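Here's the letter readout for the chains.
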Number of protein chains: 4
Amino acid sequence: MAPARIPVAVLGATGLVGQRLVSLLADHPWFELAAVTGSPRSQGRRYGDVVRWRLPGDPPRAAAALVVQPSEPGLPGRLAFSALPSEIAGEIELSFAGAGYAVSSNARNHRMDEDVPLILAETNAEHLALIETQRRNRGWDRGLIVTNSNCTSMPLAMALKPLDDAFGVEKVFVVSLQALSGAGYPGVASLDALDNVVPYIGGEEPKLEIEPRKMLGRLDERANTTRLAPFTISAQTNRVAIRDGHLLCVSVELQEKATPAQAAKVMRAFRGRPQELELPTAPPQPLIVRDESDRPQPYRDRDAGNGMSITVGRVRECPLFTLRFVALGHNTLRGAAGAALLNGELLKAEGYL
Amino acid sequence: MAPARIPVAVLGATGLVGQRLVSLLADHPWFELAAVTGSPRSQGRRYGDVVRWRLPGDPPRAAAALVVQPSEPGLPGRLAFSALPSEIAGEIELSFAGAGYAVSSNARNHRMDEDVPLILAETNAEHLALIETQRRNRGWDRGLIVTNSNCTSMPLAMALKPLDDAFGVEKVFVVSLQALSGAGYPGVASLDALDNVVPYIGGEEPKLEIEPRKMLGRLDERANTTRLAPFTISAQTNRVAIRDGHLLCVSVELQEKATPAQAAKVMRAFRGRPQELELPTAPPQPLIVRDESDRPQPYRDRDAGNGMSITVGRVRECPLFTLRFVALGHNTLRGAAGAALLNGELLKAEGYL
Amino acid sequence: MAPARIPVAVLGATGLVGQRLVSLLADHPWFELAAVTGSPRSQGRRYGDVVRWRLPGDPPRAAAALVVQPSEPGLPGRLAFSALPSEIAGEIELSFAGAGYAVSSNARNHRMDEDVPLILAETNAEHLALIETQRRNRGWDRGLIVTNSNCTSMPLAMALKPLDDAFGVEKVFVVSLQALSGAGYPGVASLDALDNVVPYIGGEEPKLEIEPRKMLGRLDERANTTRLAPFTISAQTNRVAIRDGHLLCVSVELQEKATPAQAAKVMRAFRGRPQELELPTAPPQPLIVRDESDRPQPYRDRDAGNGMSITVGRVRECPLFTLRFVALGHNTLRGAAGAALLNGELLKAEGYL
Amino acid sequence: MAPARIPVAVLGATGLVGQRLVSLLADHPWFELAAVTGSPRSQGRRYGDVVRWRLPGDPPRAAAALVVQPSEPGLPGRLAFSALPSEIAGEIELSFAGAGYAVSSNARNHRMDEDVPLILAETNAEHLALIETQRRNRGWDRGLIVTNSNCTSMPLAMALKPLDDAFGVEKVFVVSLQALSGAGYPGVASLDALDNVVPYIGGEEPKLEIEPRKMLGRLDERANTTRLAPFTISAQTNRVAIRDGHLLCVSVELQEKATPAQAAKVMRAFRGRPQELELPTAPPQPLIVRDESDRPQPYRDRDAGNGMSITVGRVRECPLFTLRFVALGHNTLRGAAGAALLNGELLKAEGYL
């Protein structure tokens, strides 16, 4: 007999990232979707009736039958995934953690808090050690908050991690070509997207210049906080007319010179804690390196590893820095809902629930 | 009474750049389209009957009535614009120059020849002095070849020129988001373009790393050749789903530190020889600098100055280099047909015809 | 010396149709844009500062300098173009007409009023005779309201008019493929537009089934109202990922059988009152018929006649009805702003101002 | 122990439909891909090395390892799926059938042959009885050819079938909005697809006006041929910028008047022979009817039933005919590769292998 699944809640379940979480939880081996929350307008009605489903097909049957609840503690279970908009996520997540919930959040509000782990499960699972400090600081007994990064920071951090471990990252130039789904729904107007590029995404560049440094940073000795990794990132971000998949053109200066072949080798060999623990949502290979001259491409590569693998290509020398390459990640899966879910699985496997 | 217009030919008039040239010449004050050439399949037939017109509407009436000729000397006039494909442009252009024609070429074949000027009229009109060497080297009496750059090199060279003059350019990172029309017709398959980005354009990055350095280089003392400008460019190029307009994200290291305001000021003030000479196709302002956070955008800005101005935006500090900015140019106008035409006008105004 | 231009106002000038009107009025030979109105949020500020300009480039300089006013009588001049949203257009237009303004409206509110002419200038300029009844009914001395049709009704009415005159229209099937700009800004979300079709446009099909019948209807004897043309239309409408240009696939049953060649002939020969009066915005040829098998196409044909001509193609036999064909019109020019402007010109030329 | 799988071949495996077949066969419970064929350029090389894979990710591992063979009898197994281009399919399929193979073809060449069944498995499985005649006519012992329809004919035939059975179809107007993948690769040029519609697809309308009538026709008494169903179709076809999914706007005149609710009921209840036989590729419900006003949509509905269900929506009254509705099918799955595969399964289940 299969063991009982753990009841979980999705906060902010009607948005685009919430919908992805609801989808991913439909047949999850460990977790059972027991509650969804939404805005006052939706509360008290069936999820299937109020959600404007933006993914192919229909909401999963079981989820569709749930009644939308307010985003307040009192929901079944002890694990809540937060896909709340940042306008309200900060306070609500605190109230859930204060009430004893483990909160795995995709919102940006607490990402840079000193005692909140910003976790990309493959790169810095050990940052979960901050939770002890966090609980002490905030007087929480069982509650906790972990966050995952911005959807664009994630593929960059994943691609840089094995390079940083092996060769030391010093400087990074990155230009992104980001998908429309990153702006949510309705998000970008079609008249701005069609036959156009918008070379600006509000608030995105500062996140992309700091979050990867926290994820690749080190716990300080007493696990009171994390130290930002000591490299500098210069980021330019663009919105292009693709549905899903953020593509990054990266140039990186390394402390120890590495050839493209050496870089590709460490990226291919890279595995993290989720692979070790065989977490259900972990891709077998977090970094796929392709040899074709014209890959990765969003349409062809965003779904690699069920949307949880990052695909890297065009690893080659750079006339100014050591190396350059292209990296691609699925922004609403690996870069948002999938990352939050994987963090939830990590919390469970590491005994934090 | 208006003076008689100078008869000119367009070589390779049925391709996408050829069509743009034919359009631009329809009401030209100095030049009159007197001949069009094309492949054997088209020769002897009316241009209007054989061209697969890819621009809005129809070919200009006068052009449509011309009979397509072989790409061989013997055409009316002495000025030929070459929109030939690079597979055949090299030899044919030599034969025209040898026969006494002034050839203004958009093809890449002779761009990097030591005695061939690679002209962006605003940045290096003085390189026309190479023509004397060219004629001597090749034994040409009246013939000559001038070239314009690759469509992506052009906006970069234009944007860098005033910065280089004022502050000295040392290093350049550039990532391009390039339009579909840059690949000609049929060019990119729609299944590769829709909901996708292709992070590779064959042969484009080497051009983008060298051509701007020739255009911003100096004539040597004896005007025997040009010296490449002594800065380094690292380029990554991408094909995105826009019709026209190449957008560049640029970071630049300057010898003399400049603020964004200082950089914007010299770019706005920049004028070149075409403005001085008031050439018919010259835009009043070659570099437009916009203050909005989300411009330039291909749809909104590619037609600035009738497609002959470069629009720059987001001029700001860079954490790694001195400055960064976004630049946009219309690739088949300013970056191809318009550039070739402007070079023809420059040749005329400077007495080379 | 040029005669003084007539001052005009654009009501609702910040929306997409309002922006088109402002553009078209920039260099108008008869009219001078003297006032723009907008929502309370915009009032009292410079138009150039509040408008989110969705067209290429920038707002015309003179318009940009105007201060946005409330949509209330008291504006300079006596002619007002209404691009107001239908939520508020009804009352405001009445108040302007009541205050003595001639209102040329693009809004749907009064289109089907019995005493309001629904004018497509080429097809039913004689319906202006209703204005006398309208003034009598409503107690207006000098004021009046004329309307133009929905953007999809327009190309259908234009294409049917010469067929109806020559052969008698009995039944019409029409399926539309409509541009994104028809939904205004922000309008259609890019996630709904990319790689997708939405086979539904709210309220559109009923308009498309009735408005052409009013435009092609007859004034009753006493010019008290118009009689709907006695044919039936079945319409299905779709939103597709094009910026501008509504394309219609039409099958038509005629009373008197006509061959495709006969139909093409009467369409090509068709001219209306605007051509007779040589109105400034009238296209020389309202209906262009193309012979290629794959035209009209939105990208290539929407700008024909400066966006004021309708392009028809593929005129051929239908296995069920007499004929079928494809028609295309620019929805925000001929189908909205251009139509309203042309109606304003018609009012002036016919002595209604 | 699982029974041994039947070895099958895919003829023309490198094209877009061939790739879909190779994908679908990767984990097929009955069939094992034993051979792939391709053009001389590909022969003798690994499929994985020569195919330009246009679907997400990579070719299935086992298929990638196959060596591409000439399209000639002598391949392992007795069942061949033909995704050959029509330029060569006719002769090659005959040679395979003559050599004893059962050929399930997606090519158009033999579709309208009197003794070749044109099978949409849910609508006319009984037409397989023609095979006996076919073998007799052509002197084949064990070989046979069955075909599936054009990708646009398929959703129309499927949607009409239950209506025809219940109420009798008399007349059909259909306008299609067809996906880019229907033109194969490279197919439609991106410059023709972006911000555009092409209202013409070569050869498509005649197929769409005849093939559904063969699929919905009856076997004559002696099973020597099929009689075309006695209704008339008028078709207009358009290419729009979507990747997969053909959408049809349909108006239908029925002999016996039916309400929208009655029509939706018989469509929802419709099941065919594949459902009865529980064929592996058969969708549980061949026709899904949605109640939302804005469905079906290609992005949201094309993958219904793993791309094998047709989705119908907007079933409503028509002012001219009895009813109208919108239908959508996945053109390269249900409309091509999936249909051919299902026909292969049907042949097996009905004892023709």
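The residue numbers shown here count from 1 along each chain, following its written sequence. Working convention: letters from A go to chains and numbers from 1 go to ligands, in the order in which they are written. Whole-chain, interface and lining totals are the exception, using all residues; otherwise, since this is a predicted model, local features are given only for residues with pLDDT of at least 70 and side-chain atom pairs are given and counted only at 80 or more. Only hydrogens and water are removed before side-chain values are computed, so all heavy atoms of the structure are retained for them.

> How should I be thinking about the overall build of chain A in this particular structure?
Secondary structure elements are defined from DSSP: runs of H or I of at least 4 residues count as helices, runs of E of at least 2 residues count as strands, and each element is numbered from the N terminus. Counting its regular elements, chain A contains 14 helices and 13 strands. As a reference, a globule follows 2.2 Å times the number of residues to the power 0.38, and the radius of gyration itself is taken over C-alpha atoms. Here the C-alpha radius of gyration of chain A, 19 Å, is about what a compact globule of 353 residues would show, namely 20 Å. C-alpha atoms of chain A, sized along the principal axes, occupy 60 × 50 × 40 Å. Burial status follows relative accessibility: with a 1.4 Å probe on protein chains alone, a residue under 20% of its type maximum counts as buried, one over 50% as exposed, and anything between as partly exposed. For chain A, buried positions account for 65% of its 353 residues.

> Is there a simple way to think about the packing of helix H7 (residues 153-167) of chain A against helix H9 (residues 204-215) of chain A in this case?
Residues and elements named next belong to chain A. In this analysis an axis means a line fitted to C-alpha atoms, helices contributing only their contacting stretch, and an angle means the value between N-to-C directions, from 0 to 180 degrees. Contact pair H7 / H9: the axes reach a minimum separation of 9 Å and the direction vectors enclose 45°. In terms of orientation, H7 and H9 fall into the oblique class. Crossing hand, H7 versus H9: right-handed. Of H9, the residues touching H7 (which contributes Ser153, Leu156 and Ala157) are Lys207, Leu208, Glu211, Pro212 and Met215. Under the grouping applied here, Gly and all other residues not named as nonpolar or charged are polar, the nonpolar ones being Ala, Val, Leu, Ile, Met, Phe, Trp, Tyr, Cys and Pro and the charged ones Asp, Glu, Lys and Arg. Here the contact of H7 with H9 is composed, by residue class, of 5 nonpolar, 1 polar and 2 charged. Note that the term roughly parallel is reserved for angles under 35 degrees, roughly antiparallel for angles over 145, roughly perpendicular for angles of 65 to 115, and oblique for everything else. In this scheme the crossing of two helices becomes right-handed for a clockwise turn of the near helix relative to the far one and left-handed for an anticlockwise turn of less than a right angle. Residue contacts follow a heavy-atom distance rule, with two residues in contact if any of their heavy atoms lie within 4.5 Å.

> Before we go on, may I ask you to explain the interface of chain B and chain C in this structure?
Accessible area lost upon the coming together of the parts is a frequently used measure of interface size. On the side of chain C, 13 residues touch chain B, which itself brings 13 residues to the contact. Put simply, buried area is how much 1.4 Å-probe accessible surface two parts lose in total, over both of them, once they are put together. Together, the buried faces of chain B and chain C total about 1400 Å²; carbon and sulfur atoms form 40% of this surface. On the chain B side of the contact with chain C, Pro56(B), Tyr299(B) and Arg300(B) bury the most area, a combined 43% of that side's loss. Whenever a carboxyl oxygen of Asp or Glu lies within 4 Å of a side-chain nitrogen of Lys or Arg, that contact is scored as a salt bridge. Applying the counting criterion to the chain B and chain C interface returns 2 salt bridges. With a shortest N-O distance of 2.5 Å, Asp58(B) and Arg290(C) are connected by a salt bridge. Counted as a polar contact is a pair of N or O atoms within 3.5 Å, where, for protein atoms, one must be capable of donating a hydrogen and the other of accepting one, and residues adjacent in sequence contribute only when both atoms are in side chains. At the junction of chain B and chain C, the tally comes to 6 residue pairs in polar contact (both at pLDDT 80 or more).

> Looking at this structure, how should I read the pattern of salt bridges?
When their charged atoms lie close together, side chains carrying opposite charge are able to pair. Across all of its chains, the model carries 88 salt bridges over all chains by this definition. When the shortest N-O distance is used, the salt bridge between Arg290(A) and Asp301(A) registers 3.6 Å. Of the two residues, Arg290(A) sits in the loop between strand S11 (287-289) and helix H12 (298-301) while Asp301(A) sits in helix H12, which places them 11 residues apart along the sequence. According to the relative accessible area criterion, Arg290(A) is buried, its value standing at 11%. Residue classification places Asp301(A) among the buried residues on the basis of a relative accessible area of 2%. Linked by salt bridges that have partners in common, Asp58(A), Arg290(D), Glu292(D), Arg295(D) and Asp301(D) make up one network.

> I tried to follow the side chain of Thr226(D) on my own but got confused; where do I start?
Relative to the helices and strands, Thr226(D) resides in strand S8 (residues 226-227). If we ignore the near neighbours within four places in the chain, the residues touching Thr226(D) are Glu114(D), His127(D), Leu130(D), Lys214(D), Arg218(D) and Leu219(D).

> So what exactly am I meant to see when it comes to the packing of aromatic side chains here?
The relation between two aromatic rings is expressed through the spacing of the ring centres and the mutual angle of the planes. What counts as a ring pair is set by centres within 6.5 Å for rings of Phe, Tyr and Trp (its six-membered ring), and what kind of pair is set by the plane angle: stacked under 30 degrees, edge-to-face over 60, tilted for all other angles. With the rule as written, the count across this model stands at 24 aromatic pairs over all chains. Here a set of aromatic residues connected by ring pairs shows up, and it is made of Phe173(A), Phe321(A), Phe173(B) and Phe321(B). Here the basic side chain of Arg243(B) rests over the ring of Tyr299(C), its NZ or CZ set 3.4 Å away from the ring centre. A ring has a charge above it when a Lys NZ or an Arg CZ is no more than 6 Å from the ring centre and no more than 35 degrees off the ring normal.

> Explain the sheet that holds strand S12 (residues 310-317) of chain D here, please?
The pairing of strands in a sheet comes from backbone hydrogen bonds and takes either a parallel or an antiparallel form. Residue and element names in this part refer to chain D. The pairing criterion is simple: DSSP has to find at least two bridges between the two strands. Here we have 6 strands laid out as an open sheet, ordered S9-S6-S10-S13-S12-S11, and mixed in their pairing. With one partner strand each, in any of the chains shown, strand S9 (232-239) and strand S11 (287-289) form the two edges of the open sheet. Strand-to-strand twist in this sheet, taken as the mean axis angle between neighbours without regard to direction, amounts to 20°. In this sheet, S9 lies alongside strand S6 (residues 169-178) in parallel orientation, the contact comprising 8 bridges. From the neighbouring strand, Leu177 faces S9, where its bridge partner is Asn238.

> How should I be thinking about the pairing of strand S5 (residues 144-147) of chain D in this particular structure?
On a regular strand, one side chain projects to one face of the sheet and the next to the other, so that they alternate. All names here are of chain D. Side chains Leu144 and Val146 project from S5 onto one buried face, and the interleaved Ile145 and Thr147 project onto a second face that is buried too. In the sheet, strand S4 (residues 102-105) pairs with S5 via 4 bridges, with the strands oriented parallel. From the neighbouring strand, Val103 faces S5, where its bridge partner is Ile145.

> How should I be thinking about helix H4 (residues 86-98) of chain B in this particular structure?
One turn of the α-helix equals 3.6 residues, which is why residues spaced by three or four share an orientation. Residue and element names in this part refer to chain B. An ideal rise of 1.5 Å per residue puts 18 Å on 13 residues; H4 measures up with 19 Å between its terminal C-alpha atoms. Where H4 is concerned, the buried positions are Ser86, Ala89, Gly90, Ile92, Glu93, Phe96 and Ala97. Considering only its buried residues, H4 is in contact with strand S1 (6-11), strand S4 (79-82), strand S5 (102-105) and strand S6 (144-147). Just past H4, the residue Gly100 takes up positive phi, approximately 100°. To estimate how far a helix should extend, the number of its residues minus one is multiplied by 1.5 Å.

> Whenever I open this one, the side chain of Glu93(B) confuses me. Can you help?
Residue and element names in this part refer to chain B. Its place among the elements puts Glu93 in helix H4. Positive charge is attributed to Lys and Arg, negative charge to Asp and Glu, and no charge count is given to His or to the chain ends. Of the side chains with opposite charge, Arg111 comes closest to the buried, unpaired Glu93, at an N-O distance of 8.7 Å. For Glu93, the residues in contact, after removing those within four places along its chain, are Ser82, Val103, Ser105, Ala107, His110 and Ile145.

> I'm lost on the relation of the copies chain B and chain C in this one. Help?
Two chain copies here: they are related by a rotation about an axis and a translation along the same axis. Least squares is the method for superposing the copies, and the C-alpha atoms it fits come from residues with pLDDT of at least 70 in both. Aligned on chain C, chain B shows an RMSD of 0.0 Å; the corresponding rotation is 180° and the shift along the axis is 0.0 Å. The two molecules are tied by a two-fold rotation axis, judged by turn and shift. In terms of C-alpha distance to the rotation axis, chain B has Asp195(B) as its closest residue, with the C-alpha 3.5 Å off the axis. When the interface residues of chain B are mapped onto chain C, 100% of them are again interface residues, pointing to one common binding face.

> Would you explain unusual backbone geometry in this entry?
Note the cis peptide between Tyr185(A) and Pro186(A), where omega equals 5°. Here Pro186(A) is to be found in the loop between strand S6 (169-178) and helix H8 (190-193). Pro296(A) follows Arg295(A) through a cis peptide bond whose omega is 0°. You can see Pro296(A) is positioned in the loop between S11 and H12. The backbone of Asn306(A) shows a phi angle near 55°, a positive value even though the residue is not glycine. Of the residues examined, Asn306(A) reaches a relative accessible area of 68% and is grouped as exposed. Positive phi outside glycine occurs at Glu278(B), with the angle close to 50°. By secondary structure assignment, the location of Glu278(B) is in the loop between helix H11 (273-276) and strand S12 (287-289).

Note that all results are geometric; they support no functional claim without further evidence.
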